[in-house]
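# Topology and contacts: notes
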Amino acid sequence: LGMAGVGYTFKLGKIYMILFFPTAVAWGVFKKNDLVIAGIEIGILCALKPTFLIGLALLVWARHWRVAISAILTFVTVSMVPVVFGDGVQIYWQWYAACQHFTGIGLPGDSAIMAMLMRFDPYRGITHDFRNVGIALTIIFSLAIAWGVWRRAPDVRSTSEVALVAYLLAGPVTWLGYTVVLIPMLDE
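None of these values were measured; they are calculated from a predicted model.

### Comments concerning the overall build of the chain
Helices and strands together make up the secondary structure of the chain, namely nine helices and zero strands. Ordering the α and β elements of the chain from the N terminus gives α-α-α-α-α-α-α-α-α. Residue pairs in contact within the chain that sit at least 24 positions apart in sequence constitute 67% of those at least 6 positions apart. When the accessible surface of the chain is summed, it comes to about 10,200 Å², and 71% of that surface belongs to carbon and sulfur atoms.

Next comes the structure, spelled out in structure tokens:
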């Protein structure tokens, strides 16, 4: 509870704790080897924040089919809720647009590779050189993680640990509040 992301989440009234709960449930059921329920929780996470699809892709690459298939089915189902009951896919386009225009400057708690590099930009976002380098490094990082997971096929919990950290580093926007998803990993 002493993590900065927890305080940040409550102080600003953000949704990050909503992301914590499915993560904690998935982590708990991994211990019971209930992979379908874990997949449902991961699918909910992916629908709430599409950047979590990085983790889902790693589960596929590691060949954890039960958890991956249930996550994919849940993701598709939950993603249909705004399409049927809301403004269609507008909410996803808004998220995409916010990520595209985010410069990473001024938020030192952003842990994404791209944002970390943009903070080195002496022109403060006028040029996109540092952003482009960050994007390139993020792609290289993601491919290296995917290759390592595919090659070694770690157990589902280890894959999920790697997925959560990869999500935080490779996401286009990874504000401090997102670190609450790491809390369940601390139970070891």
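### Remarks on unusual backbone geometry
A positive phi angle is found at N33, which is not glycine, with a value near 60°. Relative to the helices and strands, N33 is located in the loop between α2 (16–31) and α3 (35–48). In this structure, R63 is a non-glycine residue whose phi angle is positive, near 65°. Mapping R63 onto the fold places it in the loop between α4 (53–61) and α5 (65–85).

### Here's the deal with the nonpolar core
By size, the foremost hydrophobic cluster in this structure holds 29 residues, and its most contacted members are L19, F30, I42, F52 and V67. Elements with a contribution of two residues or more to this core: α2, α3, α4, α5 and α9 (156–170). Ranked by the residues each element gives to this core, the list is headed by α2, at eight residues. Not counting the four nearest positions on each side in its chain, L19 is found in contact with L45, L48, K49, F52, Y178 and V181.

### Notes on the packing of helix α8 (residues 129–152) against α9
Closest axis-to-axis distance for the α8/α9 pair is 11 Å, and the angle between their directions is 175°. Taken as axis vectors, α8 and α9 run roughly antiparallel relative to one another. Within the contact between the two elements, α8 uses T138, F141, S142, I145 and V149 and α9 uses T159, V162, A166, L169 and A170. Of the residues assigned to the contact of α8 with α9, the class counts are seven nonpolar, three polar and no charged.

### With respect to the confidence of the model for the chain
The predicted model of the chain averages 81 in pLDDT, with 80% of residues at 70 or higher. Confidence, read as mean pLDDT per element, is least for helix α1 (residues 4–12) in the chain (62) and greatest for α3 (93).

### Some points on the packing of aromatic side chains
Within the structure shown, the criterion is met by three aromatic pairs. When the ring of F20 is compared with that of F21, the centres are 5.3 Å apart and the planes differ by 70°; the resulting orientation is edge-to-face. On the numbers, 5.9 Å between centres and 80° between planes, the contact of W27 with F30 is edge-to-face. Pair noted here: W27 and F30 are both in helix α2, with a separation of three residues, about one helical turn. The exposure classification of W27 matches that of F30, with both residues buried.

Thresholds, definitions, all that
Residues numbered from 1 in each chain as written. Predicted model: local features only at pLDDT ≥ 70, side-chain atom pairs only at ≥ 80, totals over all residues. Heavy atoms only, no water. Helix = DSSP H or I, 4+ residues; strand = E, 2+ residues; numbered from the N terminus. Contact = heavy atoms within 4.5 Å. Areas by Shrake-Rupley, 256 points an atom, 1.4 Å probe, with all protein chains shown as cover. Core = buried A, V, L, I, M, F, W, Y, C linked by side-chain atoms within 4.5 Å. Buried < 20%, exposed > 50% of the residue type's maximum accessible area, 1.4 Å probe, protein only. Axes fitted to C-alpha atoms, helices over the stretch in contact; angles between N-to-C directions. Parallel < 35°, antiparallel > 145°, perpendicular 65-115°, else oblique. Nonpolar A, V, L, I, M, F, W, Y, C, P; charged D, E, K, R; others polar. pLDDT = per-residue confidence, 0-100. Phe/Tyr/Trp six-rings, centres within 6.5 Å; stacked < 30°, edge-to-face > 60°.

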